[in-house]
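One letter stands for each residue in the lines below.
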Amino acid sequence: MSELEPCLRPTCKRLFAGAVAITAICAQYTTLLMAQPEVNNPPQTRAPNAQWNDQEVTTLIDFLYDHCSEGTGGHFKPKVFGSAAQFINNDEELALNQLGPPTSGNRPENDTFLESFI
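The model shown is predicted, which means the values in this text are computed figures rather than measured ones.

How each quantity is defined
- Residues numbered from 1 in each chain as written.
- Predicted model: local features only at pLDDT ≥ 70, side-chain atom pairs only at ≥ 80, totals over all residues.
- Heavy atoms only, no water.
- Helix = DSSP H or I, 4+ residues; strand = E, 2+ residues; numbered from the N terminus.
- Buried < 20%, exposed > 50% of the residue type's maximum accessible area, 1.4 Å probe, protein only.
- Contact = heavy atoms within 4.5 Å.
- Areas by Shrake-Rupley, 256 points an atom, 1.4 Å probe, with all protein chains shown as cover.
- Patch = residues over 30% accessible without salt bridge, like charges linked within 9 Å, V, L, I, M, F, W, Y side chains within 5 Å.
- Salt bridge = Lys/Arg side-chain N within 4 Å of Asp/Glu carboxyl O.
- Core = buried A, V, L, I, M, F, W, Y, C linked by side-chain atoms within 4.5 Å.
- Expected span 1.5 Å × (residues − 1).
- Arc of directions from axis to C-beta.

**Things to note about the overall build of the chain**
A count of helical and extended segments in the chain gives 5 helices and 0 strands. When the elements of the chain are put in sequence order from the N terminus, they spell out α-α-α-α-α. Here the chain holds 118 residues, and 16% of them are scored as buried. Partitioning the contacts of the chain with sequence separation of at least 6, the portion at a separation of at least 24 is 61%. For the chain, the exposed area adds up to about 9,600 Å²; of that, 59% sits on carbon and sulfur atoms.

Structure follows, in structure tokens:
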């Protein structure tokens, strides 16, 4: 009798086939879980955008005009936008008409932001 004969029995073959099937199912399930976007990247809450009114836009344009020496080629450094946001948020007259959250110092994502108001 050879050493391989006991493993060739039908019971041993079924156990081996069952173990392979369970392993394949587990691998497929793991792949499915990793492919789900909400599992890999949980949803992030985004802060609401500031709502600009005409007075705030006018104040921003005036502020940028007064600080045009700090810009190069029509582009301003983030420090200038931070100063402008602080200036707008601290203005008591503008605070009365403010809609939404306070203005942040983030640079507008759209380069034509100011052009749309001019």
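**Quick word on a nonpolar patch on the surface**
Together, Tyr 29, Leu 32 and Leu 33 make up an exposed nonpolar region whose accessible area comes to about 300 Å². Judged by its relative accessible area of 46%, Leu 32 falls in the partly exposed class.

**Regarding the nonpolar core**
Counting residues in hydrophobic clusters, the biggest one holds 9 residues: Leu 60, Phe 63, Leu 64, Phe 76, Val 80, Phe 81, Ala 84, Ile 88 and Leu 94. Where this core is concerned, the elements lending two or more residues are helix H3 (54-66) and helix H4 (78-90). For this core, the leading source of residues is H4, giving 4 residues.

**With respect to H4**
In an α-helix, one turn spans 3.6 residues, which is why side chains three or four residues apart end up on the same side. The terminal C-alpha atoms of H4 lie 18 Å apart, and with 13 residues this matches the ideal 18 Å at 1.5 Å per residue to within 8%. Those residues of H4 that fall on the buried side of the exposure criterion are Val 80, Phe 81, Ala 84, Ala 85 and Ile 88. Looking down the long axis of H4, one finds its buried residues gathered within 135° of arc, a one-sided arrangement. Turned more than 90 degrees away from the buried face of H4 sit Lys 79, Gln 86 and Asn 90, all of them exposed. In this structure, the buried side of H4 is in contact with H3 and helix H5 (92-95).

**A few points about the side chain of Glu 56**
Note on placement: Glu 56 falls in helix H3. Those residues in contact with Glu 56 that sit more than four places away from it in its chain are Gln 51, Ile 88, Leu 94, Gln 98 and Thr 103.

**Considerations on the environment of Asp 91**
Tracing the backbone shows Asp 91 in the loop between H4 and H5. With 32 residues separating them in the primary sequence, Asp 91 and Thr 59 have C-alpha atoms 9.7 Å apart.

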